[in-house]
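# Structure assessment
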Amino acid sequence: MYYKYRNVLMHFFYVKVLKPVLFLFDPEDVHDFFLIFGNFFGKFRLTRWKIKMLFGYKNKILEQNVKGINFENPIGLAAGFDKDGVLTDIISSVGFGFAEIGSVTAKAYEGNPYPRLWRLPKSKSLGVWYGLKNKGAKVLVENLKGKIHRLPLGVSVAFTNCKENLDIDTAIADYVSGFGTVEGIARYITINISCPNTSGGQPFVIPENYEKLMTALDKIPTSKPVFVKISPDMDHNAIDKFLEITIRHRISGIVCSNLVKKYEQKDLKDPMPPHGGLSGKIVFPRAMDLLSYMYKKEPKKFIYIFCGGIFSPDDAYQAIRQGATLIQMITGMIYEGPQIISEINRGLALKLTRDGFKNINEAIGVDNSD
Ligand SMILES: Cc1cc2nc3c(=O)[nH]c(=O)nc-3n(C[C@H](O)[C@H](O)[C@H](O)COP(=O)(O)O)c2cc1C
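Here's a quick rundown of the structure. Quantities reported herein were computed from a predicted structural model and do not represent experimental measurements. Along each chain, numbering runs from 1 in the same order as the chain's sequence is written. With the structure being a predicted model, the display of local features is reserved for residues of pLDDT at least 70 and the display and counting of side-chain atom pairs for 80 or more, all residues being used for whole-chain, interface and lining totals. The side-chain values count all of the structure's non-hydrogen atoms but skip hydrogen atoms and water molecules.

### A few points about the sheet that holds strand 10 (residues 251-256)
Quick note on the threshold: We treat two strands as partners when DSSP finds at least two bridges between them. Helix numbering and strand numbering both begin at the N terminus, where a helix is a DSSP run of H or I of at least 4 residues and a strand a DSSP run of E of at least 2. Angular values range over 0 to 180 degrees, each being the angle between N-to-C directions of two axes fitted as lines to C-alpha atoms, with helices fitted over their stretch in contact. The contact criterion used throughout is that any non-hydrogen atoms of two residues lie within 4.5 Å.
The strand order 3-4-7-8-9-10-12-13 describes a closed barrel built from 8 strands, whose pairing is parallel. Within the sheet, the average angular offset between the axes of one strand and its neighbour, ignoring direction, is 30°. Sheet topology note: the strand 10/strand 12 (residues 303-307) ladder contains 4 bridges and is parallel. Its bridge partner lying in strand 12, I254 is registered against Y304. Along the sheet face, helix 8 (residues 283-297) touches strand 9 (226-230), strand 10, strand 12 and strand 13 (324-329) and points at about 170° away from the line of strand 12.

The structure is reproduced here in C-alpha coordinates:
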(Lines give C-alpha, C1' and ligand atoms only; values in the text may rest on other atoms or scores of the structure.)
Protein backbone atom coordinates (compact mmCIF):
# COMPACT_ATOMS: atom_id res chain seq x y z
CA MET A 1 0.00 0.00 0.00
CA TYR A 2 2.81 2.40 0.98
CA TYR A 3 4.49 2.00 -2.44
CA LYS A 4 1.22 2.41 -4.31
CA TYR A 5 0.34 5.75 -2.69
CA ARG A 6 3.94 6.98 -2.75
CA ASN A 7 4.08 6.33 -6.50
CA VAL A 8 0.69 7.95 -7.16
CA LEU A 9 1.94 11.05 -5.34
CA MET A 10 5.29 11.09 -7.16
CA HIS A 11 3.52 10.60 -10.50
CA PHE A 12 1.18 13.50 -9.79
CA PHE A 13 4.07 15.77 -8.77
CA TYR A 14 6.13 14.81 -11.85
CA VAL A 15 3.37 15.06 -14.46
CA LYS A 16 1.64 18.16 -13.08
CA VAL A 17 4.56 20.17 -11.68
CA LEU A 18 8.05 19.08 -12.72
CA LYS A 19 7.48 17.92 -16.30
CA PRO A 20 5.69 21.10 -17.46
CA VAL A 21 8.69 23.10 -16.20
CA LEU A 22 11.32 20.73 -17.64
CA PHE A 23 9.55 20.67 -20.99
CA LEU A 24 9.94 24.45 -21.27
CA PHE A 25 13.68 23.93 -21.79
CA ASP A 26 15.71 22.43 -24.59
CA PRO A 27 15.63 18.60 -24.24
CA GLU A 28 19.40 18.17 -24.49
CA ASP A 29 19.95 20.86 -21.80
CA VAL A 30 17.53 19.00 -19.51
CA HIS A 31 19.33 15.72 -20.20
CA ASP A 32 22.69 17.35 -19.36
CA PHE A 33 21.20 18.87 -16.21
CA PHE A 34 20.08 15.43 -15.00
CA LEU A 35 23.56 14.03 -15.63
CA ILE A 36 25.12 16.74 -13.42
CA PHE A 37 22.37 16.54 -10.79
CA GLY A 38 22.42 12.70 -10.68
CA ASN A 39 26.20 12.59 -10.52
CA PHE A 40 26.21 15.03 -7.58
CA PHE A 41 23.45 13.26 -5.63
CA GLY A 42 25.16 9.91 -6.18
CA LYS A 43 28.21 11.08 -4.23
CA PHE A 44 26.60 11.19 -0.78
CA ARG A 45 25.18 8.38 1.32
CA LEU A 46 22.40 10.66 2.63
CA THR A 47 21.14 11.73 -0.81
CA ARG A 48 21.36 8.17 -2.14
CA TRP A 49 19.31 6.98 0.83
CA LYS A 50 16.74 9.79 0.44
CA ILE A 51 16.28 9.03 -3.25
CA LYS A 52 15.93 5.34 -2.46
CA MET A 53 13.13 6.19 -0.01
CA LEU A 54 11.34 8.08 -2.78
CA PHE A 55 11.89 5.59 -5.61
CA GLY A 56 13.10 2.21 -4.35
CA TYR A 57 11.20 -1.08 -4.43
CA LYS A 58 12.31 -4.62 -3.61
CA ASN A 59 10.59 -7.98 -4.01
CA LYS A 60 12.20 -11.44 -4.03
CA ILE A 61 9.93 -12.64 -6.83
CA LEU A 62 11.78 -10.28 -9.22
CA GLU A 63 15.30 -11.51 -8.41
CA GLN A 64 17.09 -13.69 -10.94
CA ASN A 65 20.54 -14.88 -11.88
CA VAL A 66 21.12 -14.39 -15.58
CA LYS A 67 24.36 -15.55 -17.20
CA GLY A 68 26.01 -15.57 -13.79
CA ILE A 69 24.89 -12.04 -12.88
CA ASN A 70 22.45 -11.35 -10.01
CA PHE A 71 19.67 -8.94 -10.95
CA GLU A 72 17.58 -7.54 -8.09
CA ASN A 73 14.85 -6.65 -10.57
CA PRO A 74 14.47 -6.91 -14.36
CA ILE A 75 14.16 -3.20 -15.20
CA GLY A 76 17.34 -1.60 -16.54
CA LEU A 77 18.33 1.81 -17.83
CA ALA A 78 18.82 1.51 -21.61
CA ALA A 79 21.98 2.65 -23.39
CA GLY A 80 22.18 6.33 -24.31
CA PHE A 81 21.03 8.04 -21.12
CA ASP A 82 24.34 7.67 -19.25
CA LYS A 83 26.83 7.54 -22.10
CA ASP A 84 29.93 8.29 -20.02
CA GLY A 85 29.15 6.44 -16.78
CA VAL A 86 28.48 9.43 -14.51
CA LEU A 87 25.22 8.20 -12.97
CA THR A 88 26.27 4.76 -11.79
CA ASP A 89 26.15 5.69 -8.10
CA ILE A 90 22.56 6.92 -8.22
CA ILE A 91 20.91 4.54 -10.70
CA SER A 92 20.17 1.80 -8.18
CA SER A 93 18.60 4.33 -5.74
CA VAL A 94 16.15 5.32 -8.49
CA GLY A 95 14.96 1.70 -8.58
CA PHE A 96 16.71 0.18 -11.58
CA GLY A 97 17.98 -3.41 -11.39
CA PHE A 98 20.82 -2.80 -13.86
CA ALA A 99 22.12 -0.23 -16.30
CA GLU A 100 23.66 -0.26 -19.73
CA ILE A 101 26.26 2.50 -19.95
CA GLY A 102 27.29 3.98 -23.32
CA SER A 103 27.15 3.57 -26.19
CA VAL A 104 30.81 4.21 -25.90
CA THR A 105 33.29 4.20 -28.77
CA ALA A 106 37.07 3.73 -28.96
CA LYS A 107 37.55 7.45 -29.67
CA ALA A 108 35.62 10.41 -28.33
CA TYR A 109 33.05 12.07 -30.59
CA GLU A 110 31.30 15.40 -29.93
CA GLY A 111 28.15 14.25 -31.74
CA ASN A 112 26.11 15.55 -34.66
CA PRO A 113 25.39 19.30 -34.97
CA TYR A 114 22.67 20.84 -32.72
CA PRO A 115 19.76 20.44 -32.38
CA ARG A 116 19.84 16.66 -32.04
CA LEU A 117 17.13 15.74 -29.53
CA TRP A 118 13.39 16.47 -29.93
CA ARG A 119 10.28 15.75 -27.88
CA LEU A 120 7.23 14.29 -29.60
CA PRO A 121 4.82 14.49 -26.65
CA LYS A 122 1.61 13.43 -28.40
CA SER A 123 3.38 10.37 -29.81
CA LYS A 124 5.17 9.68 -26.46
CA SER A 125 8.43 9.52 -28.35
CA LEU A 126 11.80 11.28 -28.65
CA GLY A 127 13.63 12.11 -31.85
CA VAL A 128 17.29 11.25 -31.27
CA TRP A 129 20.17 12.34 -33.48
CA TYR A 130 23.11 12.42 -31.05
CA GLY A 131 25.17 10.32 -33.47
CA LEU A 132 27.07 8.39 -30.77
CA LYS A 133 28.26 11.42 -28.87
CA ASN A 134 30.52 10.22 -26.03
CA LYS A 135 33.85 10.94 -24.36
CA GLY A 136 35.46 7.69 -25.47
CA ALA A 137 36.09 4.32 -23.85
CA LYS A 138 39.15 5.40 -21.83
CA VAL A 139 37.28 8.27 -20.13
CA LEU A 140 34.43 5.89 -19.30
CA VAL A 141 36.87 3.50 -17.60
CA GLU A 142 38.40 6.44 -15.67
CA ASN A 143 34.93 7.63 -14.59
CA LEU A 144 34.08 4.20 -13.19
CA LYS A 145 37.37 3.64 -11.36
CA GLY A 146 37.08 3.52 -7.59
CA LYS A 147 33.26 3.52 -7.66
CA ILE A 148 31.31 0.91 -5.75
CA HIS A 149 28.83 -0.46 -8.24
CA ARG A 150 25.58 -1.16 -6.49
CA LEU A 151 24.02 -2.86 -9.48
CA PRO A 152 25.17 -4.78 -12.58
CA LEU A 153 26.62 -2.47 -15.21
CA GLY A 154 26.66 -3.48 -18.84
CA VAL A 155 28.61 -1.42 -21.35
CA SER A 156 27.33 -0.80 -24.86
CA VAL A 157 30.11 -0.59 -27.45
CA ALA A 158 29.70 0.96 -30.91
CA PHE A 159 32.20 2.16 -33.54
CA THR A 160 33.40 5.75 -33.55
CA ASN A 161 31.29 7.92 -35.82
CA CYS A 162 34.06 9.22 -38.10
CA LYS A 163 34.98 9.17 -41.82
CA GLU A 164 37.73 6.56 -41.39
CA ASN A 165 35.15 4.05 -40.16
CA LEU A 166 33.33 4.09 -43.48
CA ASP A 167 35.89 1.37 -44.20
CA ILE A 168 34.51 -1.85 -42.68
CA ASP A 169 37.85 -3.29 -41.50
CA THR A 170 38.74 0.00 -39.79
CA ALA A 171 35.32 0.09 -38.11
CA ILE A 172 35.82 -3.50 -36.90
CA ALA A 173 39.23 -2.58 -35.45
CA ASP A 174 37.48 0.32 -33.68
CA TYR A 175 34.90 -2.05 -32.11
CA VAL A 176 37.71 -4.42 -31.04
CA SER A 177 39.61 -1.55 -29.41
CA GLY A 178 36.51 -0.22 -27.59
CA PHE A 179 35.57 -3.71 -26.41
CA GLY A 180 39.10 -4.37 -25.12
CA THR A 181 39.17 -1.07 -23.21
CA VAL A 182 35.90 -1.58 -21.31
CA GLU A 183 35.98 -5.37 -20.91
CA GLY A 184 37.50 -5.22 -17.43
CA ILE A 185 34.86 -2.89 -15.92
CA ALA A 186 31.71 -4.32 -17.57
CA ARG A 187 29.55 -7.13 -16.15
CA TYR A 188 28.35 -7.69 -19.70
CA ILE A 189 29.08 -6.06 -23.04
CA THR A 190 26.50 -5.17 -25.69
CA ILE A 191 27.60 -4.73 -29.27
CA ASN A 192 25.52 -1.93 -30.72
CA ILE A 193 25.12 -2.59 -34.45
CA SER A 194 21.92 -0.59 -34.78
CA CYS A 195 22.60 3.11 -34.13
CA PRO A 196 20.55 4.86 -36.83
CA ASN A 197 22.56 8.09 -36.56
CA THR A 198 26.09 7.38 -37.81
CA SER A 199 27.34 8.89 -41.07
CA GLY A 200 27.80 5.45 -42.67
CA GLY A 201 24.33 4.16 -41.70
CA GLN A 202 24.11 0.71 -40.10
CA PRO A 203 26.78 -1.26 -42.02
CA PHE A 204 26.80 -4.14 -39.52
CA VAL A 205 23.17 -4.97 -40.13
CA ILE A 206 24.45 -6.25 -43.51
CA PRO A 207 25.09 -10.00 -42.95
CA GLU A 208 28.62 -10.19 -44.49
CA ASN A 209 29.86 -7.27 -42.38
CA TYR A 210 28.15 -8.64 -39.27
CA GLU A 211 29.78 -12.04 -39.76
CA LYS A 212 33.19 -10.38 -40.08
CA LEU A 213 32.62 -8.30 -36.95
CA MET A 214 31.50 -11.30 -34.90
CA THR A 215 34.54 -13.31 -36.04
CA ALA A 216 36.87 -10.51 -34.92
CA LEU A 217 35.12 -10.08 -31.55
CA ASP A 218 35.19 -13.85 -30.85
CA LYS A 219 38.98 -13.62 -30.67
CA ILE A 220 39.01 -11.22 -27.70
CA PRO A 221 39.50 -13.25 -24.52
CA THR A 222 36.68 -12.59 -22.03
CA SER A 223 34.51 -14.48 -19.59
CA LYS A 224 31.86 -11.72 -19.67
CA PRO A 225 28.52 -12.34 -21.45
CA VAL A 226 28.33 -10.58 -24.81
CA PHE A 227 25.01 -9.32 -26.18
CA VAL A 228 24.08 -7.63 -29.45
CA LYS A 229 21.53 -4.85 -29.98
CA ILE A 230 19.38 -4.97 -33.09
CA SER A 231 17.33 -2.50 -35.09
CA PRO A 232 13.51 -2.59 -34.95
CA ASP A 233 13.51 -1.86 -38.70
CA MET A 234 14.69 -5.40 -39.53
CA ASP A 235 12.14 -7.68 -41.21
CA HIS A 236 11.75 -11.40 -40.51
CA ASN A 237 14.02 -12.39 -43.41
CA ALA A 238 16.78 -10.17 -42.05
CA ILE A 239 16.21 -11.64 -38.58
CA ASP A 240 16.52 -15.20 -39.97
CA LYS A 241 19.92 -14.38 -41.45
CA PHE A 242 20.95 -12.51 -38.30
CA LEU A 243 20.08 -15.47 -36.06
CA GLU A 244 21.82 -17.92 -38.35
CA ILE A 245 25.07 -15.92 -38.02
CA THR A 246 24.67 -15.05 -34.34
CA ILE A 247 24.31 -18.71 -33.29
CA ARG A 248 27.78 -19.45 -34.64
CA HIS A 249 29.41 -16.79 -32.46
CA ARG A 250 29.87 -15.86 -28.82
CA ILE A 251 26.65 -13.88 -28.40
CA SER A 252 24.46 -15.02 -25.50
CA GLY A 253 21.84 -12.27 -25.47
CA ILE A 254 19.90 -10.05 -27.86
CA VAL A 255 18.75 -6.54 -26.97
CA CYS A 256 15.56 -5.90 -28.92
CA SER A 257 15.61 -3.09 -29.87
CA ASN A 258 17.18 0.29 -30.76
CA LEU A 259 15.53 3.41 -32.24
CA VAL A 260 13.12 3.23 -35.19
CA LYS A 261 14.58 4.79 -38.34
CA LYS A 262 11.96 3.76 -40.91
CA TYR A 263 8.91 5.90 -40.23
CA GLU A 264 6.62 8.33 -41.95
CA GLN A 265 4.57 11.33 -40.84
CA LYS A 266 1.42 9.14 -40.72
CA ASP A 267 3.04 7.06 -37.91
CA LEU A 268 3.21 10.15 -35.68
CA LYS A 269 0.88 12.57 -33.90
CA ASP A 270 3.60 15.28 -33.84
CA PRO A 271 5.62 16.89 -36.63
CA MET A 272 8.49 14.68 -37.80
CA PRO A 273 11.91 15.71 -36.46
CA PRO A 274 14.37 16.69 -39.23
CA HIS A 275 16.78 13.80 -38.58
CA GLY A 276 17.40 10.75 -36.46
CA GLY A 277 15.65 7.75 -34.99
CA LEU A 278 12.60 7.58 -32.75
CA SER A 279 12.20 6.08 -29.29
CA GLY A 280 9.10 5.36 -27.22
CA LYS A 281 5.65 4.14 -28.24
CA ILE A 282 6.47 3.74 -31.93
CA VAL A 283 9.17 1.17 -31.08
CA PHE A 284 6.97 -1.06 -28.89
CA PRO A 285 4.95 -3.01 -31.53
CA ARG A 286 7.96 -3.46 -33.81
CA ALA A 287 10.27 -4.64 -31.01
CA MET A 288 7.51 -6.91 -29.66
CA ASP A 289 7.00 -8.51 -33.07
CA LEU A 290 10.75 -9.21 -33.36
CA LEU A 291 10.99 -10.54 -29.81
CA SER A 292 8.06 -12.92 -30.38
CA TYR A 293 9.52 -14.09 -33.68
CA MET A 294 13.04 -14.67 -32.32
CA TYR A 295 11.92 -16.35 -29.10
CA LYS A 296 9.73 -18.76 -31.04
CA LYS A 297 12.67 -19.67 -33.29
CA GLU A 298 15.42 -19.70 -30.67
CA PRO A 299 14.00 -19.88 -27.15
CA LYS A 300 17.05 -21.39 -25.51
CA LYS A 301 20.21 -20.23 -27.30
CA PHE A 302 19.88 -16.59 -26.22
CA ILE A 303 18.36 -14.48 -23.52
CA TYR A 304 16.27 -11.56 -24.77
CA ILE A 305 16.34 -8.05 -23.35
CA PHE A 306 13.29 -6.11 -24.46
CA CYS A 307 13.70 -2.40 -25.07
CA GLY A 308 11.32 0.07 -26.69
CA GLY A 309 8.29 1.97 -25.48
CA ILE A 310 7.88 0.42 -22.04
CA PHE A 311 5.48 2.71 -20.16
CA SER A 312 3.63 0.41 -17.75
CA PRO A 313 3.69 -2.90 -15.85
CA ASP A 314 1.40 -4.35 -18.56
CA ASP A 315 3.98 -3.52 -21.26
CA ALA A 316 6.77 -5.16 -19.26
CA TYR A 317 4.70 -8.23 -18.38
CA GLN A 318 3.73 -8.73 -22.02
CA ALA A 319 7.42 -8.64 -23.02
CA ILE A 320 8.36 -11.16 -20.32
CA ARG A 321 5.54 -13.52 -21.28
CA GLN A 322 6.66 -13.25 -24.92
CA GLY A 323 10.23 -14.27 -24.02
CA ALA A 324 12.14 -11.36 -22.48
CA THR A 325 14.32 -12.09 -19.46
CA LEU A 326 15.17 -8.45 -18.84
CA ILE A 327 13.70 -5.07 -19.83
CA GLN A 328 15.33 -1.72 -20.57
CA MET A 329 13.82 1.73 -20.85
CA ILE A 330 14.43 5.49 -21.16
CA THR A 331 11.47 7.27 -22.76
CA GLY A 332 8.79 5.98 -20.37
CA MET A 333 10.80 7.48 -17.52
CA ILE A 334 10.96 10.86 -19.25
CA TYR A 335 7.21 11.08 -19.93
CA GLU A 336 5.90 9.39 -16.75
CA GLY A 337 8.61 10.23 -14.17
CA PRO A 338 11.27 8.14 -12.43
CA GLN A 339 8.72 6.50 -10.07
CA ILE A 340 7.60 4.51 -13.14
CA ILE A 341 10.54 2.15 -12.53
CA SER A 342 9.31 1.01 -9.12
CA GLU A 343 5.72 1.15 -10.35
CA ILE A 344 6.58 -1.32 -13.11
CA ASN A 345 8.44 -3.55 -10.65
CA ARG A 346 5.57 -3.41 -8.18
CA GLY A 347 3.02 -4.14 -10.90
CA LEU A 348 5.09 -7.05 -12.18
CA ALA A 349 5.36 -8.57 -8.71
CA LEU A 350 1.56 -8.33 -8.28
CA LYS A 351 0.86 -9.89 -11.67
CA LEU A 352 3.36 -12.72 -11.17
CA THR A 353 1.83 -13.56 -7.79
CA ARG A 354 -1.72 -13.33 -9.17
CA ASP A 355 -0.79 -15.76 -11.97
CA GLY A 356 0.80 -18.27 -9.60
CA PHE A 357 4.48 -17.80 -10.48
CA LYS A 358 7.02 -18.20 -7.68
CA ASN A 359 9.73 -16.30 -9.58
CA ILE A 360 9.83 -14.05 -12.63
CA ASN A 361 11.90 -16.61 -14.55
CA GLU A 362 8.90 -19.01 -14.59
CA ALA A 363 6.92 -16.45 -16.64
CA ILE A 364 9.48 -15.95 -19.42
CA GLY A 365 7.99 -16.95 -22.76
CA VAL A 366 4.80 -18.58 -21.37
CA ASP A 367 2.65 -16.91 -24.04
CA ASN A 368 5.05 -17.85 -26.82
CA SER A 369 5.71 -21.57 -26.38
CA ASP A 370 4.07 -24.53 -28.10
C1 LIG B 1 18.52 10.22 -25.79
C2 LIG B 1 18.73 8.82 -26.28
C3 LIG B 1 20.02 8.39 -26.60
C4 LIG B 1 20.22 7.08 -27.04
N5 LIG B 1 21.50 6.65 -27.30
C6 LIG B 1 21.71 5.32 -27.53
C7 LIG B 1 23.03 4.80 -27.60
O8 LIG B 1 24.02 5.51 -27.46
N9 LIG B 1 23.18 3.47 -27.82
C10 LIG B 1 22.12 2.61 -27.96
O11 LIG B 1 22.31 1.41 -28.13
N12 LIG B 1 20.85 3.10 -27.89
C13 LIG B 1 20.64 4.41 -27.67
N14 LIG B 1 19.35 4.88 -27.55
C15 LIG B 1 18.22 3.94 -27.75
C16 LIG B 1 17.71 3.39 -26.42
O17 LIG B 1 18.69 2.66 -25.75
C18 LIG B 1 16.49 2.51 -26.66
O19 LIG B 1 16.87 1.42 -27.47
C20 LIG B 1 15.34 3.24 -27.33
O21 LIG B 1 15.23 4.56 -26.85
C22 LIG B 1 14.01 2.54 -27.11
O23 LIG B 1 13.70 2.49 -25.73
P24 LIG B 1 12.71 3.55 -25.01
O25 LIG B 1 11.51 3.65 -25.89
O26 LIG B 1 12.43 2.97 -23.67
O27 LIG B 1 13.45 4.84 -24.91
C28 LIG B 1 19.12 6.19 -27.15
C29 LIG B 1 17.84 6.64 -26.84
C30 LIG B 1 17.63 7.93 -26.39
C31 LIG B 1 16.22 8.36 -26.05
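Still to come is the rest of the account.
### Brief notes about the site of the ligand
Inclusion rule: By convention in these notes, a residue is near a molecule or strand provided one of its non-hydrogen atoms lies within 4 Å of it. N or O atoms closer than or at 3.5 Å make up a polar contact, with two conditions inside protein: a donor-capable atom paired with an acceptor-capable one, and, for residues adjacent in sequence, both atoms drawn from side chains. Methods summary: accessible areas were calculated by the Shrake-Rupley approach with a probe of 1.4 Å, and residue burial reflects only the protein chains presented. Following the grouping adopted for this structure description, the nonpolar residues are Ala, Val, Leu, Ile, Met, Phe, Trp, Tyr, Cys and Pro, the charged ones are Asp, Glu, Lys and Arg, and the polar ones are all others, Gly among them.
Around the ligand sit 22 residues in total, of which A79, S103, K229, G280 and T331 are the nearest. In the model, an oxygen atom of the ligand is placed 2.9 Å from a nitrogen or oxygen of the S257 main chain. At 2.8 Å, a backbone N or O of G309 approaches an oxygen atom of the ligand. Protein chains bury 97% of the 600 Å² of accessible surface belonging to the ligand in isolation. For the shell around the ligand, the class distribution of residues is 10 nonpolar, 10 polar and 2 charged.

### With respect to the packing of aromatic side chains
Selection rule: Aromatic rings from Phe, Tyr and Trp, with only the six-membered ring used for Trp, were paired whenever their centres fell within 6.5 Å, and each pair was classed as stacked if the ring planes differed by under 30 degrees, edge-to-face if by over 60, and tilted otherwise. We call a charge positioned over a ring when the NZ of a Lys or the CZ of an Arg lies within 6 Å of the ring centre and within 35 degrees of the ring normal.
What the rule picks out here adds up to 20 aromatic pairs. Positioned above the aromatic ring of F23 is the side chain of R119, whose terminal nitrogen or guanidinium carbon lies 4.3 Å from the ring centre. Just above the ring of F311 sits the side chain of K281; from NZ or CZ to the centre is 4.4 Å.

### Brief notes about helix 11 (residues 339-354)
Side chains of residues three or four places apart in an α-helix project in the same direction, reflecting 3.6 residues per turn. This is how the line gets drawn: Multiplying one less than the number of residues by 1.5 Å gives the expected span of a helix. Each residue's exposure class comes from its accessible area (1.4 Å probe, protein chains only) as a fraction of the maximum for that residue type: buried when under 20%, exposed when over 50%, partly exposed otherwise.
When the terminal C-alpha atoms of helix 11 are compared, their 22 Å separation across 16 residues agrees well with the 22 Å that a helix rising 1.5 Å per residue should span. Counting buried positions over the 16 residues of helix 11 gives 12, a clear majority of the element. If you check which residues of helix 11 are buried, you get Q339, I340, I341, S342, I344, N345, R346, G347, L348, A349, K351 and L352. If you follow the buried residues of helix 11, they end up packed against helix 1 (2-22), helix 3 (45-55), strand 3 (75-77), helix 9 (313-322), strand 13 and helix 10 (331-336). Immediately downstream of helix 11, the backbone of G356 shows phi near 85°, a positive value.

### A short note on the environment of L140
Turning to its location among the elements, L140 is positioned in helix 4 (residues 137-144). Sequence-distant contacts of L140, defined by excluding residues within four places in its chain, comprise K83, D84, G85, I101, V104, V155, V182 and I185.

### A look at the pairing of strand 12
To keep things clear, this is the line we draw: Call a crossover right-handed when, viewed with both strands pointing away from you, the route from the first strand across the helix to the second goes clockwise.
Of all the 5 residues making up strand 12, 5 are buried; the element is thus mostly covered by neighbouring parts of the structure. Residues I303, I305 and C307 line one face of strand 12 and the alternating positions Y304 and F306 line the opposite face, and both faces are buried. Sheet analysis places strand 12 next to strand 13, joined by 4 bridges and oriented parallel. Across the sheet, the residue bridging to I305 is L326, located in strand 13. Taken together, strand 12, helix 9 and strand 13 constitute a β-α-β crossover, and its handedness is right-handed.

### Examining the sheet that holds strand 5 (residues 117-120)
The pairing of strands in a sheet comes from backbone hydrogen bonds and takes either a parallel or an antiparallel form. Taken together, the 3 strands give an open sheet; going across it, the order is 5-6-11, and neighbouring strands pair in antiparallel fashion. In the strand order of this sheet, the two ends are held by strand 5 and strand 11 (277-278), each with one partner. The sheet contact formed by strand 6 (residues 125-128) and strand 11 spans 2 bridges and is antiparallel. Residue pairing for strand 11: V128 is matched across the bridge by G277.

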